[in-house]
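Residue-level structure breakdown
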Number of protein chains: 4
Amino acid sequence: MTKIEVQETTDTKFNKNWKLCIGSGRLGLALQKEYVDHLKIAQEKIGFDYIRGHGLLHDDVGIYREIEVDGEKRPFYNFTYIDKIFDSYQEIGIRPFVEIGFMPELLASGKDTLFTWKGNITPPNDYGKWSELIKEVVSHFIERYGEAEVEKWPFEIWNEPNLVNFWKDANKEEYFKLYKVTVDAIKEVHSNIQVGGPAICGGTDEWIDDFLHFCEDEDVPVDFVSRHAYTSKQPHKVTPDYYYQDLADNTKMLEEFRKIRGMIDASPYPDLPLHITEYNSSYSPINPVHDTVLNAAYLARILSEGGDYVDSFSYWTFSDVFEERDVPRAQFHGGFGLIAWNDILKPTFHLFSFFNALGEEQLYRDDKTLVTRRKDGTIALVAWNLVTEKGEGFEKELEYTLHVSGDDYFVKRQTVDEGNANPWEVWKQMGRPRFPSKEKVETLKQAAQPFIRTSRTKSENGRIAIKIQLTKNEITLIEFTPIKDETDSYIGLDDSLITSYS
Amino acid sequence: MTKIEVQETTDTKFNKNWKLCIGSGRLGLALQKEYVDHLKIAQEKIGFDYIRGHGLLHDDVGIYREIEVDGEKRPFYNFTYIDKIFDSYQEIGIRPFVEIGFMPELLASGKDTLFTWKGNITPPNDYGKWSELIKEVVSHFIERYGEAEVEKWPFEIWNEPNLVNFWKDANKEEYFKLYKVTVDAIKEVHSNIQVGGPAICGGTDEWIDDFLHFCEDEDVPVDFVSRHAYTSKQPHKVTPDYYYQDLADNTKMLEEFRKIRGMIDASPYPDLPLHITEYNSSYSPINPVHDTVLNAAYLARILSEGGDYVDSFSYWTFSDVFEERDVPRAQFHGGFGLIAWNDILKPTFHLFSFFNALGEEQLYRDDKTLVTRRKDGTIALVAWNLVTEKGEGFEKELEYTLHVSGDDYFVKRQTVDEGNANPWEVWKQMGRPRFPSKEKVETLKQAAQPFIRTSRTKSENGRIAIKIQLTKNEITLIEFTPIKDETDSYIGLDDSLITSYS
Amino acid sequence: MTKIEVQETTDTKFNKNWKLCIGSGRLGLALQKEYVDHLKIAQEKIGFDYIRGHGLLHDDVGIYREIEVDGEKRPFYNFTYIDKIFDSYQEIGIRPFVEIGFMPELLASGKDTLFTWKGNITPPNDYGKWSELIKEVVSHFIERYGEAEVEKWPFEIWNEPNLVNFWKDANKEEYFKLYKVTVDAIKEVHSNIQVGGPAICGGTDEWIDDFLHFCEDEDVPVDFVSRHAYTSKQPHKVTPDYYYQDLADNTKMLEEFRKIRGMIDASPYPDLPLHITEYNSSYSPINPVHDTVLNAAYLARILSEGGDYVDSFSYWTFSDVFEERDVPRAQFHGGFGLIAWNDILKPTFHLFSFFNALGEEQLYRDDKTLVTRRKDGTIALVAWNLVTEKGEGFEKELEYTLHVSGDDYFVKRQTVDEGNANPWEVWKQMGRPRFPSKEKVETLKQAAQPFIRTSRTKSENGRIAIKIQLTKNEITLIEFTPIKDETDSYIGLDDSLITSYS
Amino acid sequence: MTKIEVQETTDTKFNKNWKLCIGSGRLGLALQKEYVDHLKIAQEKIGFDYIRGHGLLHDDVGIYREIEVDGEKRPFYNFTYIDKIFDSYQEIGIRPFVEIGFMPELLASGKDTLFTWKGNITPPNDYGKWSELIKEVVSHFIERYGEAEVEKWPFEIWNEPNLVNFWKDANKEEYFKLYKVTVDAIKEVHSNIQVGGPAICGGTDEWIDDFLHFCEDEDVPVDFVSRHAYTSKQPHKVTPDYYYQDLADNTKMLEEFRKIRGMIDASPYPDLPLHITEYNSSYSPINPVHDTVLNAAYLARILSEGGDYVDSFSYWTFSDVFEERDVPRAQFHGGFGLIAWNDILKPTFHLFSFFNALGEEQLYRDDKTLVTRRKDGTIALVAWNLVTEKGEGFEKELEYTLHVSGDDYFVKRQTVDEGNANPWEVWKQMGRPRFPSKEKVETLKQAAQPFIRTSRTKSENGRIAIKIQLTKNEITLIEFTPIKDETDSYIGLDDSLITSYS
């Protein structure tokens, strides 16, 4: 039993950095109706500010083409698809966090690609044409959406250039060159547009230092630093359809956030914002952990504390509409998405929507709970019971003492655990139907809703005492709302006159 | 513990008479957006064939008017509103079960009215004009919707003429006169339109006999017999806002159904269909029983068995958009509706949707459960635990042995009881907010969903044994769907490789 | 032929006062789906800031009731309907311009009513209870919508108290008393809420002076002055279904605006805003003029110049969902609405949407045209050819010389006249079907769209010369948008290679 | 002037074969939201029964995959995307006309591909695996959609095997082999499914004979014959973005229809239906003719007479969401679609919607008009003025004498010509913006509506005489609807009392 004493009021702010940005499958998928449907759901229930995905310059979006005129190849810039994509972002109320990459085939210096969809990872074969492309793209965005709008879109140069599968030979100098040429092109079009990098994944964090010194040395603009973070360990089993890994302690990610922040603080650019432009437990889109309640319980502390160190951290990704490892092969397949195919909400979706119910006044926080107050006076807390051991049991009991000013509170508790809001488990019970019928999908949707319990409690001596049980890997949201009781206004009311009621 | 043995297959049909028709607030309310929204919900989740409400000829729908021409009053028939109403029924996919009444003020022979909305209950002051009105109305319907369509609409003459507050002096001879004039007018327009009466409430069932003999003696057309049924007893407390009654045993209603059926069988028209065009527990729209779980548990047996005796029975009503006792004064106010204001589903709504999940092959039935098979092979059962005594406890245990041909079944159980899908209870916890904020409404909607539990079971020796607990006044739907297990098709699958799973 | 020289740029602002507010049928009708549908159309295409209708306190909205407790009557305030109404305004994106009235039956000192829907026009029988009612209503609005929101809602006291049919005996002193009690109640709840009156119609404008002096003398708060304006003359034929009047010159209305403004300027409150809370050609809802093209041509100058004098002027009304003279008896019946039943747009709707396309820089204005520039550089002009004489002909020719900086312009002209966007005329051709079938409604909708002509023009010496013909009572919108010609970017383009093209 | 005498009634039926089927971009595109939006528009306004597109087995739909198990490759069938696609067809109310092709990469015997999207055109590398694939696919369809539904889906084997770019070497024997293996697989799953071929384009029609004799000789099932038809001549200019061709006379297509029908009549299978599974003017998706009014005028006679010879003819295609020649590079680019990007209707769309307004009783037909009667009594005619010569002028005058039984008719005429419903022309005036702003798109949509004119006419001696002018390449729909005049029912009506009306 853990006892938790929660003060009535504090000066601590719980910031909303966790919802600044969300990851997406490659932009070409944003043309799909299912993608749009999922994004609407995410925005309605959570409401991210930005969305970031690969593939702006990939050939399926089709921006860069060439056309032969009088025997000579000329660049041709096609914005048909990207306009449709960004228009739909605008309608849905989210902005692009623009990632510049990968390489259009016609500009590629090599044939190296990654993913089923074959993103080309080689440097430009002609930096002049590349620079032209960037200028055309940025100019088009400004023409279509206006300067004031595009100034709000961060532009991040490339993705994970420190990995050989994302950037030819993980060539650092080549990346810096690409960075310089690209940001020069962007700033030439409009100097207020924010640019940043190096968008590395973990492992070789010296890139951060090198990158910032490069910028200083070469006087290259940089408006933010970006990095990725995944905390799963080396894979211990990999099959065509499955990728299994152990998870490092979730504090490892927080430590990485802090470490990078420290590197920036000590750099020539100590004021730069730090954006974690991707994070998740596992970096594999076929790792079943993403479908589990464990994943939500594991990430809870990161949502709770990550904003202490970084300006944004962007969960990778909002939807299982995703093709890096081929077209999804089953209703549940270990995809990154908060939302599975057929609009089914996963446990981690609810983690985000639970955090979205929190207020900005942080009343209490530890490694298993976060208590806040909303402006409407509601005390909203999230608690979680992360258990990485196998087996049953592991219930945890928490006892909160809330200091309050009101007398009477309505208590609403929502639970996600192995037995509730766990469509993956229900799907297993169904025999794992790969392509479930509409009727089965309906059941999965119903089963994906958090279990809700409500009650009423009175404070005593300015305190509410509440004891809660958490099952293994449960995450729970509890909201205490002051009651304005209108019962007395019902003249003649007497429930005991209803048959069987007292 | 009750043991229930369910055969694998039977020749017994469970008919769908319970969903043939649903009651509605007066037709003028059908212009409201909230009404239309509720009706769409009901049709999407349940899907009634017909809808019946009062007030077709009431002055707010405005069909009958007079206009002065050269100093002389002429009838004027205004179909602006009724067209809008019936058009919207058509779009939503439901047909009117037409009730002829009440009296337009200009045709009324007296000033007696009922309800806040002042329906005039007096006979026509001029039967010739009345007959003209009826012919104009029916002709207009045919012109707008076509003969084939209008032939499917039953026309019921008046409402509860055996009550003095619904028909001046409850004058039987005057009713028969009205009936004759009206059906003659209808049949003159189109002889295939179905007509019926006498639409009485219980208490003076000799009206049925008298009515049928009148039809025979006077050679007046009659295509169906109609009657209402409410099983609550005399009110023991009535206030401006509350009406409290005890409930008679629900078998009383079934007995009434059977009795009237018997009267028709013994009449000169033994083949006439019998429509219960209204029924509910209490006949008062301010009786809190309608908002309770008890109401659902109480009606379960009636839905289960009512169709044995009657061709339809129409729950009064689908929505709390209703004004007989003034504009609803609070979120919950004892209204008849399956759906409360702000699209909140009441327990009885779920009773209907649970029955809607049943199949048409009746495998077993007793006074607390009904077991069926759907065409897709799913065994679907509803069970209920009606308890009319006060106090806690009263759990009931049922043990089913299902004879089945399959091996492996997915089991989905949905529960409505005091603690689940009971927004009335949650609203009480909130302090009974009369006009709840949008946030509170959102909580009530969430809390109005049935609790869902799923599992998987295997048959042994062609039998599934399942034991269930029912809480006081719980209603539950359990569906057993044969599983086609695809688990083996997942190559490399091993859940135990996921951290914390086994 | 009129020659019009339009400068390239000016310092004159064309204000948007014409779209600040729009009139509505009584608030009880706002529950109807058709009303909501029409309002959505109006907001999507025009986008008013406020909406004003009668009947907030009328018994169909049902706010004021009494309930007997222990033999004593107590006030009961029911916000079920008004919440639904104002919630829907909020969703649609429009704010109430609150009109306080008419009298709830239970508070009325007399039985005098007006309109088919019987609004009670008598003073309160108890000013104390009235004051309580007002405080409860305003407090409820603040609780539900927040202080910051309700501060933006003007509260106007009563409607046309200078007319005996709207206020018992048109008793001025009694009105001032009502005004004082009401605004005192409002300001007691929240002093920042804006209040105003006297909401008179024309005819006895000395009320304005008297009202302002009363406020000064008695130190009664007043934040705005309001008045109505209709320019039709005495009716020369009135039947149950028709009301025919001649129209005064439309400058009469502008003069009235100016005159009232002058009265305020000369009053003790020279800075008070002036809101014309109702205006139209005719004040009768069964005057066919409202359905005509003439009505649009007649009002054009008022939209063009009215904002010079008044802070808002509110067209009465946006929709034919309206019941002052009974339920509408035909598709077209002379109703006030910009939108007729079945979502059919009338000519005057297009007048408003044409003005909505204008910019805020006024380049030129006279009695038959208004030329503006939008921020996007488009020159947008409206022209009209008001002809009040009978007979055919009356075409007018206008020749504009626009001074421009660009070379190449796309010209889009939209026309509403007797032959285009005139569903009333088409309906007459159909034989005036009162309750048209869906197919006929579809034709009327199609026929209600403005006729569109497009072309391309080049400037010469910084000038565009354009000559237009206006038919009798035509209104036209012409937009000149600078062209960025991309034709040369189409490599290989040659239209003459398409069969039959050159 | 052409005089046309139209009898009041005939026994001739105008069949609806023209709307049985419509072409589509490759099925993978059906995941896109824009595709779905366009299909909804087409179904709402026209309502085809079937839809046919390439690429069911192409790798972007992703059905055929292999997975390595214990070092061995096993087929894996992935229905995630095709389920989403066919589910959406079902929701929209259209059925697939299934085309079997192209070759999944893993089953391909060669690397030959066509189109930007690289459809593989080679025979299977393993007919056994191919057969398995077909059986799995058909079985899955039946499991998901039911036998009764899938029996209604025709299965056509491959596409244009008589062309070397669609089928390796245009190898006829290999095609017959593919056909046999495929239909045997289909019929093994379910013998009632309809199968057919050879889906050839024109040029080598002996394939039809050979195919049918092959089926007879080898006793291979065949339920229908299919062929394509395009009437444009050899291209005379081809650039990367443009393809220009002259058009053959449109009677050439009708003659082809008749010829193939004759070949079937003379074959061993004289009763087989003939489906033209693709037709259009030009077979190039970058031929501007598709965007023109000419295209509509050209096809009018084919819609009018094609159904005399063939059981269906399927316009290629409903939407410009299409990628055979890359992502569309501009708003208008010569795409096949009835609907251009951004939901803009092309002239040919209206041709189809005009034909959709025709009745099934054919009163008169010649080479420039088709007159019908609908069941509701409306006489509906389409007329067109195809002019393939260059230059202006070419107006045509038609004079109809309609024999009618009614007195009074409402006449509704809709026109599509160079000046109306011609968004391509408006777009040219705008300077051909490749990626138009939302505002420009709005103008294009407005400008894409047919010009509507209405009037009223009386018959004389049972005849209506009407003279119409057709501009060059105009298509027009005229509907004569009998009027039931209600004008006399409006008591007091006198339009001349409205200012300026007479």
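Residues numbered from 1 in each chain as written. Chains lettered and ligands numbered in written order. Predicted model: local features only at pLDDT ≥ 70, side-chain atom pairs only at ≥ 80, totals over all residues. Heavy atoms only, no water.

The name that an unreviewed UniProt entry assigns to chain A is Xylan 1,4-beta-xylosidase, with the source organism given as Virgibacillus natechei.

1. Remarks on the interface of chain A and chain B
Interfaces are often described in size by the accessible area the parts lose on coming together. Counting residues at the interface gives 67 residues for chain A and 67 residues for chain B. Buried area between chain A and chain B, summed over both chains or domains, comes out near 5500 Å², and the portion from carbon and sulfur atoms is 50%. Inspection of the chain A/chain B interface yields six salt bridges. Between glutamate 439 of chain B and arginine 374 of chain A there is a salt bridge; the shortest N-O distance is 2.9 Å. Linking chain A to chain B there are 40 residue pairs in polar contact (both at pLDDT 80 or more). At the level of elements, β13 (232–238), β14 (243–247), α8 (293–305), β23 (408–416), α10 (423–429), α11 (438–447) and β24 (451–458) of chain A are the ones that each hand at least two residues to the side of chain A that touches chain B. A per-class count over the side of chain A that touches chain B returns 25 nonpolar, 22 polar and 20 charged. (Contact = heavy atoms within 4.5 Å. Buried area = accessible area lost by both parts, 1.4 Å probe. Salt bridge = Lys/Arg side-chain N within 4 Å of Asp/Glu carboxyl O. Polar contact = N/O pair within 3.5 Å; in protein donor to acceptor, adjacent residues only side chain to side chain. Helix = DSSP H or I, 4+ residues; strand = E, 2+ residues; numbered from the N terminus. Nonpolar A, V, L, I, M, F, W, Y, C, P; charged D, E, K, R; others polar.)

2. Topic: the interface of chain D and chain C
In this assembly, 67 residues from chain D lie in contact with 67 residues from chain C. Here chain D packs against chain C, burying approximately 5500 Å² in sum over the two surfaces, 50% of which is carbon and sulfur. At the junction of chain D with chain C, the criterion picks out six salt bridges. Taken together, the elements giving at least two residues each to the side of chain D that touches chain C come down to β13 (232–238), β14 (243–247), α8 (293–305), β23 (408–416), α10 (423–429), α11 (438–447) and β24 (451–458) of chain D. For the side of chain D that touches chain C, the residue count by class is 25 nonpolar, 22 polar and 20 charged.

3. Notes on the pairing of strand β22 (residues 396–403) of chain C
All names here are of chain C. Counting buried residues along β22, six of its eight residues qualify, which places the element largely inside the surrounding structure. Where strand β1 (residues 2–6) lies against β22, five bridges are found, and the strand directions are parallel. Across the sheet, residue valine 6 finds its bridge partner in β22, namely leucine 402. Relative to strand β25 (residues 463–470), β22 runs antiparallel, the two sharing eight bridges. Within β25, the position partnered with glutamate 397 by the bridge is glutamine 469. (Buried < 20%, exposed > 50% of the residue type's maximum accessible area, 1.4 Å probe, protein only. Pairing = 2+ DSSP bridges.)

4. Digging into the packing of aromatic side chains
One pass over the full model with this rule turns up 180 aromatic pairs over all chains. Taking the centre distance of 6.5 Å and the plane angle of 55° together, the rings of phenylalanine 86 of chain C and tyrosine 145 of chain C count as tilted. Highlighted residues: phenylalanine 86 of chain C in helix α2 (residues 80–92) and tyrosine 145 of chain C in helix α3 (residues 127–145), separated in sequence by 59 residues. Note on tyrosine 145 of chain C: relative accessible area 10%, which makes it buried. Ring centres 5.4 Å apart and planes at 55° place the aromatic pair tyrosine 315 of chain D and phenylalanine 352 of chain D in the tilted group. Pair noted here: tyrosine 315 of chain D is in strand β16 (residues 312–315) and phenylalanine 352 of chain D is in helix α9 (residues 347–356), with a separation of 37 residues, a long-range link. Here tyrosine 315 of chain D matches phenylalanine 352 of chain D in class, with each residue buried. Members of the aromatic cluster, connected to one another through ring pairs, are Phe14, Trp18, Phe48, Phe257, Tyr279, Phe313, Tyr315, Phe352 and Phe355 of chain A. (Phe/Tyr/Trp six-rings, centres within 6.5 Å; stacked < 30°, edge-to-face > 60°.)

5. Brief notes about the relation of the copies chain D and chain C
Mapping between the two chain copies consists of a rotation about an axis together with a translation along that axis. Superposition record for chain D on chain C: RMSD 0.0 Å, screw rotation 180°, translation along axis 0.0 Å. Seen this way, the second copy is the image of the first under a two-fold rotation axis. Taking the C-alpha atom as reference, chain D places phenylalanine 451 of chain D closest to the rotation axis, 3.8 Å from it. (Least-squares fit on C-alpha atoms with pLDDT ≥ 70 in both.)

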